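# Architecture and fold: a report
Each chain is listed here by its residues.
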Amino acid sequence: MSDASALDGETTERNLVETINQTLVQEMHNNESVRLMGYDIGPIGGVYRTTEELIDEFGGDRVIDTPLSENGIIGTAVGMAMRGERIVPEIQFMGFFYPAFGQFMYSLVKMHERSGGKLDVPLTIRMVCGGGIKASEYHSESTETYLVHTPGVRVVCPSGPREAKGLLASSIRHDDPVVFMEHKKLYRTHREPVPEREYMLPLDEAHIVRTGEDLTLISWGAMVRHAKTAADRVDADVEVLDLRTLSPLDVETVLDSVKKTGRCVVFHEARRTLGLGAELVALINEYAFDRLHAPIQRATGYDVHFPGNQIEEAYLPDANRAQYAIEAVMNYEF
Amino acid sequence: MALWSEQKPVEDFYRVLAPDGSLVNDPPDFDDDELIELYWTMKLTKRFEDKALKLQRAGEVSIISRCRGEEATPLGAAAALNPGDWCFPLYRQRSGLIYWDVPLERQLVGLMGAEPETIDEHLPGEDFDEPAVNFSPIYVPLGSNLPNTVGSALADKLNDRDTVSLTFVGDGSTSEGDFHEALNFAGVFDVPAVFVCQNNQWAISVPSHRQTASETFAQKGDAYGIPNERVDGNDIFAVYEKSKEAVERARSGGGPTFIECVTYRVVEHNTADEPSVYRDEKQREYWLERDPIDRFETYLLDEGVIEEGDIDTMEGSIDDRIQETVKTVRQVPKSSPEQMFENHLHGTSWKERHQRAELQRELNGDNPFVDWTGEGFE
């Protein structure tokens, strides 16, 4: 579904926090088995206020404040989902997801397969990711690689409010487990018109943000707006792809674009080594090698622990880093 | 060498049936048929696992962890459930599965490494009765079943269903984080769950005193505000009675219970293990004298519920049943390799389609690396 069709009808200017909140309300009204779980999601409405006032509207049995335990949250949510509930747990910071890796690996991603398809785990983990708000090292991570490496789970990452509404509704209604990454830098930085009506977006399709003939710039999440800025600045006709769903990857759209342009830059906030960029470069190498006019470059975070507040800007990829990479690839000569 | 594996063994627990088969407390209210069913289930479990062990030695079964000498614990606990309840087992609770008629055929073919899709196709639920209690898939990563049990119970509580979720944990896996998280959540949300600690005193080669400095495993329940019991895990009556109390308390809104059943792993951890390397035979002999089947058999004979002759007849028909099972299972074809791709996500993806095609070519003896465009297999 294109953004244009999603804009049909009445729209309201919303930021990402308001959009997430509105979409959760919509889905909880639509289906009584949708329940939220997490810590601080009740009376204070989440540390980012994404669940503000939901406990007043739906009560403590649907907006469940839990003990401070990521593995307990995910493990309990999986058990509820096995029994037909549609659980939306919140993980406050992606950097605090590690304790839940046990339940993620053993139960969440394997239950459907182990039961021979008889048990579904319809669970959408809202996971708050990314840096850029001076929240310090443990609160700023983008570790989607760990998730994307794992079969049995969809990984979704919206780049703005309008997409987030359709992707979150689709995630909650889907029978697969989904990790829904919300970049905290996007929560309040900008507003855009979000349709009031309900709509869904597919959980396996990349979005072509702008078309171009010279180079394909692949990004997702908070990097997409920087990608657009960089594309506007350079002296080249850049096609910008927003992956939207990181797993399963929309390989067709990626390959079609790179075969057309012959050049590619992958642009992501996560660390470089074995970041999703590495997989994209490998795929392009395997299936579009003879269409390339230049090597692919990766404009990414560095292979370091996320740095402290004073120097986080130097770590974070931005339009400048993307622009350098685009220019380098455009100027490459065999 | 100590005869117990605990740091400071507390040798008292709730008991109904003493090791010599005499009653030390009032037994539960079972009629003769029910008593015989419990006895039959333990005997069938033992002989089924003996057969599986032989098949393992012959290379037909990949690996098996037997519950030999521990049959009373999973059986007594599972027998306390009602149809419609949920059970989240590990791999050493076979007597509980057999009690609720989880088909032997499906169990055995699983031990042979068949994919779930093969089992469903060749031993379908409609021909091989689905059990009346809902069993989750068997959990292998120890402790990971516990938080899921809490979630199952919480789902029932929030939907006002009077269903109970029961699960098992070993002495070793009480050391896992999942154990803490599950009992903590169970206490906080006051869910209708029963946690049965099958304390067989050994986690592969590591004895209980390396798992905890607590005097008992049962007392761990106190820290979570969960009522707890400590029972003789080789006494079918004691396990059943305390499990029944716990299940009924959960069903009537009284919240979770933690039950430690003290038993002993008289056999190997699994068929890849060799216990003589790390433990003394004397300890094993001490616990063999407390065997759950022997004492129950003595009781049934003393009470006149069965006679010596009945035992032979029963063993004969158990062995026939097992022979039939092996025969049926040997007719199930091997899982086909492409089944490895099944049931990962709903729907398909480019990568799934592409890798299926690669595998198919490899299986056909063709080079799979022939697609240079990403469209070669479409």
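The shown structure was predicted, so the numbers you read here are calculated from the model rather than taken from an experiment.

Along the backbone of chain A there are 14 helices and 14 strands. Rg of the C-alpha trace for chain A: 20 Å, near the compact-globule value of 20 Å for 334 residues, within the 12% margin. In terms of principal-axis extent, the alpha carbons of chain A reach across some 65 × 45 × 40 Å. When burial is assessed residue by residue, chain A has 57% of its 334 residues classed as buried. Residue pairs at least 24 apart in sequence account for 79% of intrachain contacts in chain A once pairs closer than 6 positions are excluded.

Residue and element names in this part refer to chain B. The parallel open sheet is built from 6 strands, whose spatial order is β2-β1-β3-β4-β8-β7. Each edge of the open sheet is held by one strand with a lone partner, namely β2 (134-135) and β7 (228-232). By the bridge criterion, 6 bridges tie strand β4 (residues 193-199) to strand β8 (residues 257-262) in an arrangement that is parallel. Note that in β8 the partner of Asn-199 across the bridge is Val-262.

This brings us to the interface of chain A and chain B. On the chain B side, the residues contacting the 36 residues of chain A number 35 residues. Looking at the side of chain A that touches chain B, the elements with two or more residues in it are α4 (70-82), α5 (101-108), α6 (111-114) and α11 (251-261) of chain A. Looking at the side of chain A that touches chain B element by element, the count peaks at 9 residues for α4 of chain A. Its residues assigned to classes, the side of chain A that touches chain B shows 12 nonpolar, 14 polar and 10 charged.

According to the domain assignment, chain B consists of domain 1 (32-330) and domain 2 (337-378). Domain 1 of chain B and domain 2 of chain B are separated by 40 Å when their C-alpha centres are compared.

As a further point, take unusual backbone geometry. Residue and element names in this part refer to chain A. A cis geometry characterises the amide bond from Ser-247 onward to Pro-248, with omega recorded as 0°. Looking at the element boundaries, Pro-248 is found in the loop between β12 (245-247) and α11. Phi at Ser-136 takes a positive value of approximately 75°, unusual for a residue other than glycine. Locating Ser-136 in the fold gives a position in the loop between β5 (124-129) and α7 (144-148).

If you check helix α13 (residues 350-363) of chain B, its first and last C-alpha atoms are 20 Å apart, about what 14 residues at 1.5 Å a residue would give, namely 20 Å. Immediately beyond the C-terminal end of α13 of chain B, within one or two residues, lies Gly-365 of chain B, with a positive phi of roughly 80°.

With that out of the way, let us pick up the domain arrangement of chain A. Residues and elements named next belong to chain A. In terms of domains, chain A is made up of domain 1 (9-195) and domain 2 (207-331). The centre of domain 1, based on its C-alpha atoms, is set 26 Å off from the matching centre of domain 2. Taken residue by residue, the interface counts 26 residues in domain 1 and 22 residues in domain 2. When residues of the side of domain 1 that touches domain 2 are traced back to their parent elements, those giving at least two are α7, β6 (154-156), α8 (161-173) and β7 (178-183). Its residues assigned to classes, the side of domain 1 that touches domain 2 shows 9 nonpolar, 10 polar and 7 charged.

Our focus in this paragraph is the sheet that holds strand β10 (residues 215-219) of chain A. All names here are of chain A. Across the sheet, 5 strands lie side by side as β9-β11-β10-β13-β14; this open sheet has mixed pairing. In this open sheet, the two strands that pair with only one neighbour each are β9 (207-210) and β14 (297-300). Neighbour to neighbour, the strand axes of the sheet diverge by 25° on average, direction disregarded. Where β10 lies against strand β13 (residues 264-268), 3 bridges are found, and the strand directions are parallel. From the neighbouring strand, Thr-216 faces β13, where its bridge partner is Cys-264. On top of the sheet, helix α10 (residues 223-233) reaches β9, β10, β11 (238-242) and β13; it is set at about 160° to β10, its chief contact. The strands touched by helix α12 (residues 276-288) within the sheet are β10, β13 and β14, with β13 carrying the most contacts at an inclination of about 160°.

With that settled, the discussion passes to the pairing of β11 of chain A. Regular strands show a simple pattern: their side chains alternate between the two faces of the sheet. All names here are of chain A. Counted residue by residue, β11 has 5 buried out of 5 residues, so it is predominantly covered. Both faces of β11 are covered, namely the face carrying Val-238, Val-240 and Asp-242 and the face carrying Glu-239 and Leu-241. Judged from the 3 bridges that link them, β9 and β11 form a sheet pairing that is antiparallel. Among the inter-strand pairings, Arg-210 is bridged to a residue of β11, identified as Val-240. As judged from the 5 bridges shared by β10 and β11, these two strands associate in the parallel manner. Bridging from a neighbouring strand, Ser-219 pairs with Asp-242 of β11. Since β10 and β11 lie parallel, the crossover through α10 that links them has a hand, and here it is right-handed.

Residue and element names in this part refer to chain A. Packing of α10 against helix α14 (residues 319-331) leaves a shortest axis separation of 8 Å and a crossing angle of 50°. Between α10 and α14, the angle is such that the two are oblique. Read as a crossing pair, α10 and α14 show a hand that is right-handed. Where α10 approaches α14, its residues His-226, Ala-227, Thr-229, Ala-230 and Arg-233 are matched on the opposing element by Ala-319, Ala-322, Gln-323 and Ile-326. Of the residues in the contact of α10 with α14, the class split is 5 nonpolar, 3 polar and 1 charged.

On to the packing of α4 of chain A against α5 of chain A. Residues and elements named next belong to chain A. Running from amino to carboxyl end, α4 crosses α5 at an angle of 20°, the nearest separation of the two axes being 8 Å. Comparing their axes, α5 and α4 come out roughly parallel. α4 and α5 meet at a crossing whose hand is right-handed. Counted together, Asn-71, Ile-74, Gly-75 and Val-78 of α4 and Gly-102, Gln-103, Phe-104, Ser-107 and Leu-108 of α5 form the full contact between these two elements. For the contact of α4 with α5, a count of residues per class yields 4 nonpolar, 5 polar and no charged.

Criteria and cut-off values
- Residues numbered from 1 in each chain as written.
- Chains lettered and ligands numbered in written order.
- Predicted model: local features only at pLDDT ≥ 70, side-chain atom pairs only at ≥ 80, totals over all residues.
- Helix = DSSP H or I, 4+ residues; strand = E, 2+ residues; numbered from the N terminus.
- Rg over C-alpha atoms; globule rule 2.2 N^0.38 Å.
- Buried ≥ 20, exposed ≤ 12 C-beta atoms within 10 Å, placed from the backbone.
- Contact = placed C-beta atoms within 7 Å.
- Pairing = 2+ DSSP bridges.
- Nonpolar A, V, L, I, M, F, W, Y, C, P; charged D, E, K, R; others polar.
- Domains from an automatic or database assignment.
- Expected span 1.5 Å × (residues − 1).
- Axes fitted to C-alpha atoms, helices over the stretch in contact; angles between N-to-C directions.
- Right-handed = clockwise from strand over helix to strand, strands pointing away.
- Parallel < 35°, antiparallel > 145°, perpendicular 65-115°, else oblique.
- Left-handed = near helix turned anticlockwise from the far one by under 90°.

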